[in-house]
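One letter stands for each residue in the lines below.
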Amino acid sequence: TRQHQSSNLPIFHSTANIQRALQVDSRKRLVILPEVCKIFRDDFGDDNISCLKYLLRFLEKQSWEAVSWLLAEQGGGGIKFRFRNSGEFLTTLGG
């Protein structure tokens, strides 16, 4: 898959696709990440929090605010992650 020159995201993942794929349940502290975060995990940083922070720039205001509040609470600790189109759950930072 070709890479976009200015980012780690493959070209087929537009901002709209990321917006649809990323889901946040603030009450459950659950974030469903796009599959691209699993595939290119090493390109985004050390963990799922790094990927989530990277994706902030692609989110609309409402999603951006929800993610930002989740990250700000307890430094992002205890957030549960799942990858879209996958049953895999990962917990990082105190979860």
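To be clear, the structure that these remarks concern was listed above.
Report follows, based on the coordinates.

1. Quick look at the overall build of the chain
- Secondary structure assignment for the chain yields five helices and four strands.
- Secondary structure of the chain in N-to-C order comes out as α-β-β-α-α-α-α-β-β.
- Taken over 95 residues, the chain has a buried fraction of 42%.
- Summarising the internal contacts of the chain: among those between residues at least 6 apart in sequence, 55% fall at separations of at least 24.
- Carbon and sulfur atoms make up 48% of the accessible area of the chain, which totals about 5,800 Å².

2. What to know about unusual backbone geometry
- The phi dihedral of Arg-29 is positive, around 55°, even though this residue is not glycine.
- Checked against the element boundaries, Arg-29 lands in the loop between strand 1 (23-25) and strand 2 (30-33).
- For Arg-29, a relative accessible area of 14% corresponds to the buried category.

3. Section: the state of the cysteines
- Enumeration over the complete set of coordinates arrives at one disulfide.
- The disulfide that involves Cys-37 links it to Cys-51, with 2.3 Å between the sulfurs. Here the disulfide of Cys-37 and Cys-51 is left-handed, its torsion about the S-S bond being about -55°. One end of the pair, Cys-37, is in helix 2 (residues 35-39); the other, Cys-51, is in helix 4 (residues 48-55), with 14 residues separating them in the sequence.

4. Digging into the nonpolar core
- Ranked by size, the top nonpolar core spans 22 residues in total, and within it Leu-22, Val-31, Leu-33, Leu-52 and Leu-55 carry the most contacts.
- Residue assignment for this core shows that the elements contributing at least two residues are strand 2, helix 2, helix 4, helix 5 (61-72) and strand 3 (80-83).
- Broken down by element, this core gets its largest block of residues, five residues, from helix 4.

About the cut-offs
- Residues numbered from 1 in each chain as written.
- Predicted model: local features only at pLDDT ≥ 70, side-chain atom pairs only at ≥ 80, totals over all residues.
- Heavy atoms only, no water.
- Helix = DSSP H or I, 4+ residues; strand = E, 2+ residues; numbered from the N terminus.
- Buried < 20%, exposed > 50% of the residue type's maximum accessible area, 1.4 Å probe, protein only.
- Contact = heavy atoms within 4.5 Å.
- Areas by Shrake-Rupley, 256 points an atom, 1.4 Å probe, with all protein chains shown as cover.
- Disulfide = S-S within 2.5 Å.
- Core = buried A, V, L, I, M, F, W, Y, C linked by side-chain atoms within 4.5 Å.

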